[in-house]
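Chain residues, written in single-letter form:
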Amino acid sequence: MRVCDCCTGGGDEGFVDVKTERVIGQLKSVTGVINADSPQVNKACAPVLIDAAPLGRGDGERTSGNEVGSDSSCEPPSAKRVLQEFLRSASVGRRLTVLREGVRASRVDRMDATLQISQDLGRLTITASSEQLSVNILQISDIYAPMKDGAEVFSKNILQHLADDEPQRLLMLYYKSSEDKLSCLVMLESSTESVGHFMQSVSVLKAHAAQRVQQ
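This section reports on the structure supplied with the text. (Residues numbered from 1 in each chain as written. Predicted model: local features only at pLDDT ≥ 70, side-chain atom pairs only at ≥ 80, totals over all residues. Heavy atoms only, no water.)

## Section: the overall build of the protein
No. 1: Along the backbone of the protein there are five helices and nine strands.
No. 2: Start at the N end of the protein and walk to the C end: the helices and strands fall as α-β-β-α-β-β-β-β-β-α-α-β-β-α.
No. 3: Each of the 215 residues in the protein was classed as buried or not, and the buried ones make up 44%.
No. 4: A sequence separation of at least 24 residues applies to 62% of the contacts in the protein between residues at least 6 apart.
No. 5: Accessible surface, the protein as shown: approximately 11100 Å² in total, 47% of it carbon and sulfur. (Helix = DSSP H or I, 4+ residues; strand = E, 2+ residues; numbered from the N terminus. Buried < 20%, exposed > 50% of the residue type's maximum accessible area, 1.4 Å probe, protein only. Contact = heavy atoms within 4.5 Å. Areas by Shrake-Rupley, 256 points an atom, 1.4 Å probe, with all protein chains shown as cover.)

What follows is the structure in structure tokens.
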């Protein structure tokens, strides 16, 4: 699966840690961005895993390196930890499933895909087979998910083609294309938790990119 050179972070721990600290450090004073050291609102008392596997791992495989936290106090991961794990998975290839409605309204195609982030944290690239979508993070206008917006924002056709456990794993990414037109991409994350992590991390990274533009 081809990936553009600008998006190879190599999965290096130093790359992830330095980038995370840089983002958190610059955003600590930004109003409206979740505090880097505070826990998430979601109080689920369970080990939180980054379910998106890096390239080369089969579906459902998890390693201790993906585990965020599971201590006895049931503390949810901090925003800093969530961002760190998102960057780690996106630097080597975060697995997603892209859903696309076919020419016939009754058809929905599924494509295995990977998401990667550029080293300057300003661009997301989603690669599915021979197709590739590269989006400036500031061009992302909104992200919809049933857990936040309800299932009605998604087409009935897509919802009818989902298994019972899949609606809560949906994401719809709205972005401006190079022609300044609003487009959308529908994806399946690997768990409900990773949907929340995706939305939170992209929100933080967008605020980070906006602050860099202002400087």
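After that view, the rundown keeps rolling.
## Considerations on the sheet that holds strand S7 (residues 140–144)
No. 1: Taken together, the seven strands give an open sheet; going across it, the order is S6-S5-S4-S3-S9-S8-S7, and neighbouring strands pair in antiparallel fashion. Pairing within the sheet leaves two strands with one partner each, and these edge strands are strand S6 (131–136) and S7. Across the sheet, the axes of successive neighbouring strands diverge by a mean angle of 30°, strand direction being ignored.
No. 2: Pairing of S7 with strand S8 (residues 170–176) involves four bridges; the strand directions are antiparallel. (Pairing = 2+ DSSP bridges. Axes fitted to C-alpha atoms, helices over the stretch in contact; angles between N-to-C directions.)

## Some remarks on the pairing of S8
No. 1: For S8, the buried fraction is high: five of the seven residues fall into the buried class.
No. 2: Where S8 and strand S9 (residues 182–188) come together, seven bridges link them in antiparallel fashion. Each residue of the ladder has a partner; that of Lys176, found in S9, is Leu182.

## Quick notes on unusual backbone geometry
No. 1: Of note in this structure, Leu121 is not a glycine but carries a positive phi near 65°.
No. 2: Considering the arrangement of structural elements, one finds Leu121 in the loop between strand S4 (108–117) and strand S5 (123–128).
No. 3: Notably, Ser129 is not glycine yet its phi reads approximately 55°, a positive angle.
No. 4: By relative accessible area, Ser129 is classed as exposed at 53%.

## Thoughts on the nonpolar core
No. 1: Core analysis: the largest hydrophobic core is formed by 32 residues, its most contacted members being Met187 and Leu205.
No. 2: Sort the elements by how many residues they give to this core and helix H5 (residues 192–214) lands first, with seven residues.
No. 3: Setting aside residues up to four positions removed in sequence, Met187 forms contacts with Leu96, Thr97, Val98, Ile126, Arg169, Leu170, Leu171, Leu173 and Phe198.
No. 4: If you look at the next biggest cluster of nonpolar residues, it comprises nine residues, including Leu99, Met172, Val186 and Leu188. (Core = buried A, V, L, I, M, F, W, Y, C linked by side-chain atoms within 4.5 Å.)

## Observations concerning the environment of Arg212
No. 1: By the secondary structure assignment, Arg212 is in helix H5.
No. 2: Under the relative-accessibility criterion, Arg212 is labelled partly exposed at 39%.
No. 3: Within polar-contact distance, the side chain of Arg212 engages the backbone oxygen of Asp120 at 2.8 Å. (Polar contact = N/O pair within 3.5 Å; in protein donor to acceptor, adjacent residues only side chain to side chain.)

## Overview of the environment of Gly122
No. 1: With respect to the helices, strands and loops of the structure, Gly122 is situated in the loop between S4 and S5.
No. 2: For Gly122, a relative accessible area of 17% corresponds to the buried category.
No. 3: A C-alpha to C-alpha distance of 8.9 Å links Gly122 and His208, two positions 86 residues apart in sequence.
No. 4: Dropping the residues within four chain positions of it, Gly122 is found in contact with Val135, Asn136 and Ile137.

## Quick notes on the pattern of salt bridges
No. 1: By the definition in use, this model includes seven salt bridges.
No. 2: Where Asp109 meets Arg107, a salt bridge forms, and the shortest distance between an N and an O atom there is 2.7 Å.
No. 3: Among the residues examined, Asp109 registers a relative accessible area of 25% and is labelled partly exposed.
No. 4: Across the pair Asp165 and Arg169 runs a salt bridge whose closest N-O atoms are separated by 3.6 Å.
No. 5: Look at Asp165 and you get exposed, because its relative accessible area is 53%. (Salt bridge = Lys/Arg side-chain N within 4 Å of Asp/Glu carboxyl O.)

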